[in-house]
Amino acid sequence: MAKAYWSKVLAAAIGATVVTAASPMAVLAQTPSAQSRTFNIPPQPLADGLTAFGRQSGLQVSVDAALVRGQSTAGVSGTLTPVEALNALLAGTGIVYRFTNATTVTLERPGAASGASGAMQLDPVRVQANTPPPPQAEIGNLPPVYAGGEVARGGKVGLLGNRDYMDSPFSETVYTDKYIQSQQARTLTDVLAGDPTVRLGWPNGNVFDDRVMIRGILVQNPNYGLGGIYGIVPGQVDTTGVERVEVFRGPTAFLNGALPSAVGGTVNLVPKRATDTPITQLSALYLSDGQVGGTADVGRRFGPDNALGVRANATYINGETSVNNQTAERLALTLGLDFRSDDTRIDADIGYQMRNIGGFQGSIFLAAGVPLPPAPNAHNSSYQPWERLQANDLYGALRFEHDITPGLTGFIKVGGRRSNTTSVFLNQNIVNYNGNTTTLGAGQFRSMAEVLSAEVGARATFRTGPVKHEAALVGDYLKTMNYSLNNPLAIPSNSNIYNPTFLPAPMLTGLNASTPLTSDSLYTSVGLVDAISFADDRVQIIGGARLQRLQSANYLPSGLPANGADQTVVSPSVSFVVKPTKEIMIYGNYIQALQQGPTAGAGLTNAGQTFPPFVTNQFEVGVKADFGTFGATLSAFQITLPSSFTDISTNTLVTDGQQRNRGIEFVAFGEPLPGLKFLGGFTLLDAKLTSTAGGLNNGNTAVGTAPFQVAAGLDWDTPYVKGLGISGRVVYNGQVYLNPANTQAAPPWTRFDAGLRYTFERADGKPISLRANVINLFDANYWVATTAFFAQNQPRTFMLSLTADF
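Since the structure is predicted, the reported quantities are computational estimates derived from the model, not experimental observations.

A. Region of the structure containing the overall build of the protein. From N to C terminus, the protein includes eight helices and 46 strands. By residue count, 56% of the 806 residues in the protein fall in the buried class. Put simply, 67% of the contacts in the protein that link residues at least 6 apart link residues at least 24 apart. Surface exposure of the protein reaches about 30800 Å², of which carbon and sulfur atoms provide 62%.

B. Quick look at unusual backbone geometry. Of note, the amide linkage connecting Ser288 to Asp289 takes the cis form, showing an omega dihedral of 10 degrees. Within the secondary structure, Asp289 sits in strand S20 (residues 289-302). Phi is positive for Asn325, which is not a glycine, with a value near 65 degrees. With a relative accessible area of 45%, Asn325 lands in the partly exposed category. Of note, Asp537 is a non-glycine position whose phi angle comes to about 65 degrees, a positive value. Tracing the backbone through its elements, the reader meets Asp537 in the loop between strand S30 (517-534) and strand S31 (539-555).

C. Quick peek at the packing of helix H3 (residues 46-57) against helix H5 (residues 82-90). The geometry of H3 relative to H5 is characterised by a closest axis approach of 11 Å and an angle of 175 degrees between their N-to-C directions. Of the possible angle classes, the one that applies to H3 and H5 is roughly antiparallel. The segment H3 lies against H5, with Leu46, Gly49, Leu50, Phe53 and Ser57 engaging Pro82, Ala85, Leu86, Leu89 and Leu90.

D. Highlighting the sheet that holds strand S14 (residues 217-219). Spatial strand order, S12-S13-S14: three strands in an open sheet with antiparallel pairing. For this open sheet the edge positions go to strand S12 (198-200) and S14, each flanked by a neighbour on one side alone. Across this sheet, the average inter-strand angle for adjacent strands is 35 degrees, counted without regard to direction. Strand direction decides the pairing type here: S12 and strand S13 (residues 212-214), joined by three bridges, are antiparallel. Opposite Arg199, over in S13, you have Met213 as the bridge partner.

E. Quick peek at the pairing of strand S17 (residues 242-249). Counting buried residues in S17 gives seven out of eight residues, a clear majority hidden from the surface. Pairing of strand S11 (residues 171-175) with S17 involves five bridges; the strand directions are antiparallel. Its bridge partner lying in S17, Ser171 is registered against Arg249.

F. A look at the sheet that holds strand S15 (residues 224-226). With mixed pairing, the five strands of this open sheet are ordered in space as S11-S17-S18-S15-S16. Two strands in the sheet have a free side with no partner beyond their single neighbour: S11 and strand S16 (229-230). As defined by bridge partners, S15 adjoins S16 across two bridges and the pair is classed as antiparallel. Looking at S16, one finds that Gly225 is bridged to Tyr230.

G. Seen up close, the side chain of Thr692. Structurally, Thr692 can be placed in the loop between strand S37 (676-690) and strand S38 (708-717). Exposure remark for Thr692: the relative accessible area of 7% places this residue in the buried category. Every residue in contact with Thr692, bar those within four places of it in the chain, is listed here: Asp656, Gly657, Asn697 and Asn698.

H. Inspection of the nonpolar core at higher detail. In terms of nonpolar packing, the biggest core is built from 46 residues, with Tyr175, Val191, Leu192, Val212, Tyr224, Val245 and Leu269 touching the most fellow members. The contacts of Val245, once residues within four sequence positions are left out, are Thr173, Val174, Tyr175, Ile180, Leu188, Val191, Leu192, Val267, Asn268 and Leu269. Residues Ile364, Leu366, Ala367 and Ile430 belong to the second largest nonpolar core, which totals 26 residues.

I. Structural context of the packing of aromatic side chains. Applying the stated criterion across every chain, the model contains 17 aromatic pairs. Considering the side-chain rings of Tyr146 and Tyr165, the 6.1 Å spacing of their centres and the 85 degrees angle between planes classify their relative orientation as edge-to-face. On the criterion of sequence distance, the pair formed by Tyr146 in the loop between strand S8 (124-127) and strand S9 (154-156) and Tyr165 in the loop between strand S10 (162-164) and S11 is long-range, its members being 19 residues apart. We note that Tyr146, like Tyr165, is buried. Judged by centre distance (6.1 Å) and plane angle (50 degrees), the ring pair of Phe708 and Tyr732 falls under tilted. Linking Phe708 in strand S38 with Tyr732 in strand S39 (residues 724-733), this pair joins segments that are 24 residues apart in sequence.

J. Layout of a nonpolar patch on the surface. A cluster of nonpolar side chains, Phe534, Ile541, Val574, Phe576, Val578, Ile586, Val623, Leu634, Ile664, Leu684 and Phe708, forms an exposed patch at the surface whose accessible area comes to about 800 Å². With three residues, the single largest contributor to the nonpolar patch is strand S32 (residues 561-578). Here Val623 shows up in strand S34 (residues 614-626). Residue classification places Val623 among the partly exposed residues on the basis of a relative accessible area of 36%.

K. Spatial organisation of the pattern of salt bridges. Going through the model one piece at a time under the given rule, you end up with 40 salt bridges. Measuring nitrogen to oxygen at the nearest pair gives 3.7 Å for the salt bridge that ties Lys688 to Asp686. Between Arg729 and Asp753 there is a salt bridge whose closest N-O contact spans 2.9 Å. Highlighted residues: Arg729 in strand S39 and Asp753 in strand S42 (residues 749-761), separated in sequence by 24 residues.

L. Main features of the side chain of Thr518. Along the chain, Thr518 falls in strand S30. Reaching out from Thr518, the side chain makes a polar contact with the side chain of Ser484 at a distance of 2.7 Å.

M. Up close: the environment of His402. Along the chain, His402 falls in strand S25 (residues 388-405). It is 9.4 Å that separates the C-alpha atoms of His402 and Asp342, two residues lying 60 residues apart in sequence. If we ignore the near neighbours within four places in the chain, the residues touching His402 are Asp343, Thr344, Leu408, Thr409 and Gly410. Within the structure, His402 has its side chain in polar contact with the backbone oxygen of Asp343 (distance 3.3 Å). Here Thr344 takes part through its side chain, which lies 2.8 Å from a polar atom of the side chain of His402.

N. Fine view of H3. Spanning 12 residues, H3 covers 16 Å between terminal C-alpha atoms, matching the ideal 16 Å at 1.5 Å per step. The element H3 is extensively covered by neighbouring structure, given that nine of its 12 residues are classed as buried. If you check which residues of H3 are buried, you get Leu46, Gly49, Leu50, Thr51, Ala52, Phe53, Gly54, Gln56 and Ser57.

About the criteria used
Residues numbered from 1 in each chain as written. Predicted model: local features only at pLDDT ≥ 70, side-chain atom pairs only at ≥ 80, totals over all residues. Heavy atoms only, no water. Helix = DSSP H or I, 4+ residues; strand = E, 2+ residues; numbered from the N terminus. Buried < 20%, exposed > 50% of the residue type's maximum accessible area, 1.4 Å probe, protein only. Contact = heavy atoms within 4.5 Å. Areas by Shrake-Rupley, 256 points an atom, 1.4 Å probe, with all protein chains shown as cover. Axes fitted to C-alpha atoms, helices over the stretch in contact; angles between N-to-C directions. Parallel < 35°, antiparallel > 145°, perpendicular 65-115°, else oblique. Pairing = 2+ DSSP bridges. Core = buried A, V, L, I, M, F, W, Y, C linked by side-chain atoms within 4.5 Å. Phe/Tyr/Trp six-rings, centres within 6.5 Å; stacked < 30°, edge-to-face > 60°. Patch = residues over 30% accessible without salt bridge, like charges linked within 9 Å, V, L, I, M, F, W, Y side chains within 5 Å. Salt bridge = Lys/Arg side-chain N within 4 Å of Asp/Glu carboxyl O. Polar contact = N/O pair within 3.5 Å; in protein donor to acceptor, adjacent residues only side chain to side chain. Expected span 1.5 Å × (residues − 1).

Structure follows, in structure tokens:
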């Protein structure tokens, strides 16, 4: 089919050339070179840039390999004609081009074509684009990178598919592989550290999971997706094999199906895929005080038209961290496969992660009525050296898309995960302002999770008169079974966070090795949406509904059911987009969703208990701007949901009343000046408790929410030394209350990060990059708090890497 397709294209090109031979301008007016397209080609070696240009323009590029060897391009992004994009791509290289027919462009030195009408190349590199997927497809249809390369122009918006941020009536940020590499981000926590709308739930990657706060609401790994399949991402998210990280703000059950407590937002990981250009990249890593390791990234395409792709990634690092008495070992392996033809696309992923953290830092609690003392030196851990976290995750996904007609695509997705975790912990309870502590529980906690997730549906684009429709019908299935057991350990302890007492390691022999079923849940839903556009897409109205059913059950240690829930609701949603000018977009949305109640975490007396479902509502309005090289989103929102928190007097997760979060978010990104990239913004949040028991805490600030937070980062490619880059970032978080009565609080804090990088080319034109980053540059000490418990921050940490392409 591909051969027949290209035969038709070639015949059409020859015919167009013959008919319009007398008028070169007429040729250009009727060929792909005159049709505007969206380009996203970052700075890179020129040969690789031309490969991307051929794929994105639909043109065939012919060039002598010797002509581009050692040459680089500054890249190009935006909506341009292929001629305009090629001019930008070749700027400063001294290379010229000419069209030899309607779909072929030949690159050469100035004056090379004067003696001949044809092109004769030695050792030619020919780039032929595959048939691009239709606009309603997801696989192989990533939105282009925005100016500066740190974020993309858009991402997946649930059942709506991939959309440009100026066509999405929601707030989202999509971080690219370039940003992940420049920050040396090893986990999701590292990627999101600079997001002005996200607060980290744990200080670093050596913890239970990568929980975060979005819009003042806790978001955990069941609400993280891999290629749009949710529930299958490990609790600790390693960036190995991740191409992009898509952060979506606000409730998403209508868009993504029923998920466990996806009220604050969701995070979707876009896996890496093999490119037409072979990839072989190796890195050596160092993290203070003594962690060493490396990464490997290999990608190849095979077969006719490069139809089959393989991308393999691996990371291993081990050694002493910047926290005293702590070691960390991590292994991450991923394999991504894909197949593409004219009307069918298939991709698959399989991954394995292993973590072994010695001197593991869990939670610290605060006794009732005690003010929180200042944070101790973050390098000096008050945790026991024998506390340990061991975890492994095996997960995978398969996605299939087929174009039934040019405007209708059907798809099936399925994924699964099995996770095993064992931790040995001692919860410290601070009993006075001097930092004295007692034991609030110790034990060995064992857990296992098994998840099966699936989605099936169809997405279509069509017109009714002047109105364009983008419609989808989707069904989702998410089955989760949680197994856990806490073996209590009798370890009485009197210690101090500033001068800890270290105890002998407890005996773990003879403990119960079983992991009985604690809870299981089944979330099913069917969603229907239609996005209508008119007035040249300047006005868009999106409406739909999702039928959701949430079934859940909790079990006693004996295996007998304890309680459960079964609730069904139809959740409507409506949103709009209005573009008064090309650069400005105004949007609004209303989403209602049925959400599963929270689940008590490890170390709590009711660990593993899942609370009944509830209905949540969001209203949001906002303005987005796109000035070509600089973009921004300003949004205002209100979300209502039940209030849940940890009662520190009983060490139990409880729910009480309602929480109403109102806020304003501002996010800006891009490259406002050549070589100078900006990424940052702020969040103002008013999170209040209402309808509490007896009205006792009405009007108080919700536990774990910060009224103000800021993150701002600059990245500068210096013009003085080619390949030298400098980056810096500041992060501020406001005061956080630790109890509903608002009598205990963690103070605000500020952190500075910095980085340097230097990239140069070897004689063969392949790049070598040296990177040095410092987290917490001034070694500040502060508490990281999202609920009633909290933890020490990450101390100053140095990260070094050497990356080479082969």
